[in-house]
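Structural overview for review
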Amino acid sequence: MLVVMKAQATPEDIQAVCDHIAQMGFRAHPLPGAQRTAIGITGNQGEVERGNLEALSGVAEVIRVSKPYKLASRDVKEEDTVIRFAGTDATIGGPELAMIAGPCSIESREQAFAIAEQVAASGAQFFRGGAFKPRTSPYAFQGLGLEGLQIMAEIRTRFGLRIVTEAIDNESLEMAAEWADVIQIGARNMQNFSLLKKAGRQRKPVLLKRGLSATLEEFLMSAEYVMSEGNYDVILCERGVRTFADHSRNTLDLSIIPAVKRLSHLPIIVDPSHATGKRNSILPMARAAIASGADGIIVEVHNHPDQALSDGPQSIYPDQFARMMDELEQIAPVVERKLPRGIRIEAAAK
Ligand code: PEP
Ligand code: MN
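Residues numbered from 1 in each chain as written. Chains lettered and ligands numbered in written order. Predicted model: local features only at pLDDT ≥ 70, side-chain atom pairs only at ≥ 80, totals over all residues. Heavy atoms only, no water.

Here the focus is the coordination of the manganese ion (ligand 2). Coordination sphere of the manganese ion (ligand 2), protein contribution only: Cys104 (SG), His274 (NE2), Glu300 (OE) and Asp311 (OD), at 2.0 to 2.4 Å. Within one chain, the residues donating to the manganese ion (ligand 2) are spaced in sequence as C-x169-H-x25-E-x10-D. Note that Glu300 is positioned in strand E14 (residues 296–300) and Asp311 in the loop between E14 and helix H11 (318–331), a separation of 11 residues in sequence. Across the pair, Asp311 and Glu300 agree in class, each one buried. (Donors = N, O, S within 2.8 Å, 3.2 Å for Na, K, Ca; no water. Helix = DSSP H or I, 4+ residues; strand = E, 2+ residues; numbered from the N terminus. Buried < 20%, exposed > 50% of the residue type's maximum accessible area, 1.4 Å probe, protein only.)

If you want it as structure tokens, here you go:
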């Protein structure tokens, strides 16, 4: 259910409606929009008694949301969600594209700094790097853990880049939430519902990757898990799904972008690295992603991919990333977007 407030409703009116919903034993989710605030109701089984709600001051109407995902739906919030990073000009989901680049794994301070310096010079605003790696083999490199997070925190201070890193369980989620700016939930964990709920209870934006065989509805339901706990800053990420194709690691499903844009207000970015697994496919797929309306790109970049401890074959060289930035900068205006170069940090946030 959704309570739509009148444009002239006061903050007190909105609070009174939220209190009323809480008294009914449900959860209220105020969602401010450009014209008016809507208040999502979750926790109810079936219809909520709308008469009492409709009588409250400032309420325009109470409507039923028929989709299984509520807070993630455009029916509940018409305007695109724009995720902001306090004290910086970085955004995800607004008119400016978000570029997230860095190695699959943080391997050493030298490796991470060398790559960060080059992607920052090309104008990325976000640095990605895994400290906790969900590997297919238990014998493969599992990540540096806390040390990896600390290296990325130093990169944040040195280059201003905001940090994106994956959490794979409760413990790493708490650590990532403390050290990073965006918590990535990987494809293999897209339906780890207890992890999603925990991600919803912390305050950092969540980058949710599409599961290897997840439908659009399952994907949005996973976003709903995070949002239902009160964290509305969810970024969806298409990273390829599993098909019969054997020319690439996965199949990049760009057709999900317009479908997500129609059904949801959440931003969606594309990961051409995991989608293709092949260095030479990454630039063409990044171009296609932006042309398809994606809000940004997350890409693996390595200075010595032949020596990488994970995902070397799908990591591009820093000079290829520089070229990607130049090309996407040209494509962006065609789809009424802009590619920002670099991140501005307010003095107080340094
Ligand atoms: C990654 O980003 O390095 C990663 C493991 O991604 P995914 O969960 O999409 O496989
Ligand atoms: Mn990887």
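Both trends apply: most residues other than glycine have a negative phi, and most peptide bonds are in trans. For Asp311, which is not glycine, the phi torsion reads 55° and is therefore positive. Unlike most non-glycine residues, Glu336 shows phi in positive territory, near 60°. Looking at where Glu336 falls in the secondary structure, it is placed in the segment after H11. On the basis of relative accessibility, which here comes to 72%, the residue Glu336 falls in the exposed class.

Taken in spatial order, the four strands of this open sheet run E2-E3-E1-E4, and their pairing is antiparallel. Strand pairing shows two members of the sheet lacking a second neighbour, strand E2 (27–32) and strand E4 (59–63), which therefore form its edges. Looking at each pair of strands side by side, their axes are set apart by 20° on average, direction ignored. Bridging between strand E1 (residues 2–5) and strand E3 (residues 37–42) involves three bridges; their strand directions are antiparallel. Counterpart to Val3 in the pairing with E3 is Ile39. Each of E1, E2, E3 and E4 touches helix H1 (residues 11–23); the most contacted strand, E3, lies at about 5° to it. (Pairing = 2+ DSSP bridges. Axes fitted to C-alpha atoms, helices over the stretch in contact; angles between N-to-C directions. Contact = heavy atoms within 4.5 Å.)

Before going further, it helps to examine the nonpolar core. Generally speaking, nonpolar side chains in soluble globular proteins are found buried as a group. Core analysis: the largest hydrophobic core is formed by 79 residues, its most contacted members being Phe127, Ile155, Leu236, Ile297, Phe321 and Met324. For this core, the element with the most residues is helix H7 (residues 216–228), which contributes six residues. Sequence-distant contacts of Ile297, that is, excluding residues within four places in its chain, are made with Ala98, Met99, Ile100, Ile269, Val270, Pro272, Ala286, Ala289, Ile290, Met324 and Leu328. Formed by 16 residues, the second largest nonpolar core is a distinct cluster that contains Ala98, Ile100, Ile343 and Ile345. (Core = buried A, V, L, I, M, F, W, Y, C linked by side-chain atoms within 4.5 Å.)

Assignment of secondary structure puts Gln125 in the loop between helix H3 (109–122) and strand E8 (126–128). Its relative accessible area of 2% is what places Gln125 among the buried residues. Sequence separation between Gln125 and Gly160 is 35 residues; the distance between their C-alpha atoms is 7.8 Å. If sequence neighbours within four positions are ignored, Gln125 has contacts with Asp89, Ala90, Leu97, Met99, Leu161, Arg162, Pro340, Gly342 and Ile343. A distance of 3.0 Å separates a polar side-chain atom of Gln125 from the backbone oxygen of Gly342. (Polar contact = N/O pair within 3.5 Å; in protein donor to acceptor, adjacent residues only side chain to side chain.)

Let us look at the site of ligand 1. Near ligand 1, the surroundings consist of Cys104, Arg128, Lys133, Glu166, Gln184, Gly186, Ala187, Arg188, Lys209, Arg239, His274 and Glu300. Between Ala187 and ligand 1, the recorded distance is 2.8 Å, taken from a backbone N or O atom to an oxygen atom. Within the side chain of His274, a nitrogen or oxygen atom sits 3.2 Å from an oxygen atom of ligand 1. Considered on its own, ligand 1 offers 290 Å² of accessible surface; in the complex 97% of this is hidden by protein. Looking at the shell around ligand 1, its residues break down into two nonpolar, three polar and seven charged. (Near = heavy atom within 4 Å. Areas by Shrake-Rupley, 256 points an atom, 1.4 Å probe, with all protein chains shown as cover. Nonpolar A, V, L, I, M, F, W, Y, C, P; charged D, E, K, R; others polar.)

With the rule as written, the count across this model stands at three aromatic pairs. Between Phe113 and Phe159, the ring centres sit 5.9 Å apart and the planes meet at 55°, which makes this aromatic pair tilted. Highlighted residues: Phe113 in helix H3 and Phe159 in helix H4 (residues 146–159), separated in sequence by 46 residues. By the burial criterion, Phe113 is buried, and Phe159 matches it. (Phe/Tyr/Trp six-rings, centres within 6.5 Å; stacked < 30°, edge-to-face > 60°.)

Let's shift gears to the packing of H7 against helix H8 (residues 256–263). Geometrically, a packed helix pair is captured by the angle between its two axes and the distance between the axes. Axis separation between H7 and H8 bottoms out at 11 Å; the angle between their running directions is 50°. Comparing the axis directions of H7 and H8 gives the class oblique. Of the two possible hands of crossing, H7 and H8 adopt the one that is right-handed. Only Ile256, Ala259, Val260 and Leu263 of H8 make contact with H7, whose side of the interface consists of Leu216, Phe219 and Leu220. Each residue belonging to the contact of H7 with H8 can be placed in one class, and the counts come to seven nonpolar, no polar and no charged. (Parallel < 35°, antiparallel > 145°, perpendicular 65-115°, else oblique. Left-handed = near helix turned anticlockwise from the far one by under 90°.)

Remember that the coordinates give geometry; whether it matters functionally is a separate question.
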